[in-house]
Amino acid sequence: EAGVTQFPSHSVIEKGQTVTLRCDPISGHDNLYWYRRVMGKEIKFLLHFVKESKQDESGMPNNRFLAERTGGTYSTLKVQPAELEDSGVYFCASRPASGASRDTQYFGPGTRLTVL
Amino acid sequence: AQSVTQPDIHITVSEGASLELRCNYSYGATPYLFWYVQSPGQGLQLLLKYFSGDTLVQGIKGFEAEFKRSQSSFNLRKPSVHWSDAAEYFCAVGGVHKLSFGAGTTVTVRA
């Protein structure tokens, strides 16, 4: 079974540009989460999808961030326009709705975003 | 509000020695507790988790953790460290959904 995949692994952009991060969850996982780790600090929750619906977006920092999950499969996180403080590692996680692992989030490798 | 404290930012341990990583949490209800590890260039891998039942849980790679409700702790241990255990370790607490992570503890293993 393939794990959570994220693309790209690294992205370097100029301040003011737009970047789109992609996450492909484990097949069949209805729940998808985005987290961010900035400057070696804690990994912080951004938002949670259940299928294509946003269940909780309380961690989204501001309206420059837009997350989508059209069709309930993969998800994208767009930052527009990017600011210096957006630099960090963006993690995606997925979780099944049922079964023995329904209480566990499985994480991807992360996308390291650098805004210059 | 839920939160996690990992008091040790960095720990250096000799190969073959024992390792203990500390984790203290704050959570309003019965917590779900996790330890994840991130090796260089890798993603977050689940080591072990505690939901209920036996307070000593076994995980992968020879790790174990003990839940102590009275101390709000969930410390991670390994009796004998291998060089491949060099990584960053994260403790996390939450319900089924939103997880709160500690700042992480980096473990260096010396020969």
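Right above here is the structure, for reference.
Reading the values: the criteria
Residues numbered from 1 in each chain as written. Chains lettered and ligands numbered in written order. Predicted model: local features only at pLDDT ≥ 70, side-chain atom pairs only at ≥ 80, totals over all residues. Heavy atoms only, no water. Helix = DSSP H or I, 4+ residues; strand = E, 2+ residues; numbered from the N terminus. Rg over C-alpha atoms; globule rule 2.2 N^0.38 Å. Buried < 20%, exposed > 50% of the residue type's maximum accessible area, 1.4 Å probe, protein only. Contact = heavy atoms within 4.5 Å. Areas by Shrake-Rupley, 256 points an atom, 1.4 Å probe, with all protein chains shown as cover. Lys, Arg positive; Asp, Glu negative; His and termini not counted. Charge placed at Lys NZ, Arg CZ, Asp CG, Glu CD. Buried area = accessible area lost by both parts, 1.4 Å probe. Salt bridge = Lys/Arg side-chain N within 4 Å of Asp/Glu carboxyl O. Polar contact = N/O pair within 3.5 Å; in protein donor to acceptor, adjacent residues only side chain to side chain. Phe/Tyr/Trp six-rings, centres within 6.5 Å; stacked < 30°, edge-to-face > 60°. Lys NZ or Arg CZ within 6 Å of the ring centre and 35° of its normal. Disulfide = S-S within 2.5 Å. Pairing = 2+ DSSP bridges. Axes fitted to C-alpha atoms, helices over the stretch in contact; angles between N-to-C directions.

Engineer: What should I look at first to understand the overall build of chain A in this one?
Structural biologist: Within chain A, the regular secondary structure consists of zero helices and eleven strands. Moving toward the C terminus, one meets the helices and strands of chain A in the order β-β-β-β-β-β-β-β-β-β-β. Rg of the C-alpha trace for chain A: 14 Å, near the compact-globule value of 13 Å for 116 residues, within the 12% margin. Counting the 116 residues in chain A, one finds 47% classified as buried. In chain A, 51% of the contacts between residues at least 6 apart in sequence involve partners at least 24 apart. Entry remark: accessible area of chain A is about 5700 Å², with carbon and sulfur atoms responsible for 48%. If you average the places of the 14 positive and of the 13 negative side-chain charges in chain A, the two averages end up 2 Å apart.

Engineer: Honestly, the interface of chain A and chain B in this entry has me stumped. Any pointers?
Structural biologist: Interface extent is often summarised as the accessible area lost during association of the parts. Every contact between the two is made by 22 residues of chain A and, on the other side, 19 residues of chain B. On the chain A side of the interface with chain B, the three residues burying the most area are A:Ile43, A:Asp103 and A:Phe107, jointly 33% of the side's total. Run the count over chain A and chain B and you get two salt bridges. For the salt bridge of A:Asp56 with B:Lys98, the shortest nitrogen-to-oxygen distance reads 3.6 Å. The tally of links from chain A across to chain B stands at nine residue pairs in polar contact (both at pLDDT 80 or more). For the side of chain A that touches chain B, the secondary-structure elements that each account for two or more residues are strand 4 (31–37), strand 5 (43–50) and strand 9 (88–95) of chain A.

Engineer: Sorry if this is basic, but what is going on with the packing of aromatic side chains here?
Structural biologist: Aromatic ring pairs are described here by two measures, namely the spacing of the ring centres and the angle between the planes. Across all of its chains, the model carries 17 aromatic pairs over all chains by this definition. Members of the aromatic cluster, joined through ring pairs, are A:Tyr33, A:Tyr35, A:Phe45, A:Phe91, A:Phe107, B:Tyr32, B:Phe34, B:Tyr36, B:Phe51, B:Phe90 and B:Phe101. For the cation-ring pair, A:Arg22 lies above A:Tyr74, with the distance from its terminal atom to the ring centre recorded as 3.8 Å.

Engineer: How should I be thinking about the state of the cysteines in this particular structure?
Structural biologist: Two cysteines, two sulfur atoms, one covalent bond between them: this is a disulfide. All names here are of chain A. For the structure on display, the rule yields two disulfides over all chains. Across a sulfur-sulfur distance of 1.8 Å, cysteine 23 and cysteine 92 are joined as a disulfide pair. Between cysteine 23 and cysteine 92, the disulfide has an S-S torsion of -65° and is therefore left-handed. Of this pair, cysteine 23 sits in strand 3 (residues 19–24) while cysteine 92 sits in strand 9; the two residues are 69 residues apart in sequence, bridging distant segments of the chain.

Engineer: What is the right way to read the sheet that holds strand 7 (residues 65–68) of chain A from this model?
Structural biologist: Through backbone hydrogen bonds, the strands of a sheet pair up, either in parallel or in antiparallel fashion. Residues and elements named next belong to chain A. The sheet built from four strands is open, its strands ordered 1-3-8-7 with antiparallel pairing. Taken across any chain shown, the strands that pair with only one partner, and hence form the sheet edges, are strand 1 (5–7) and strand 7. In this sheet, adjacent strand axes meet at a mean angle of 15° when their direction is disregarded. Pairing between strand 7 and strand 8 (residues 75–79): four bridges, direction antiparallel. Considered in strand 8, the bridge of phenylalanine 65 is made with valine 79.

Engineer: Would you mind going over the side chain of A:Ser11 with me for this structure?
Structural biologist: By secondary structure assignment, the location of A:Ser11 is in strand 2 (residues 10–13). With residues up to four places along the chain from it excluded, the contact list for A:Ser11 reads A:Val19, A:Arg112, A:Leu113 and A:Thr114.

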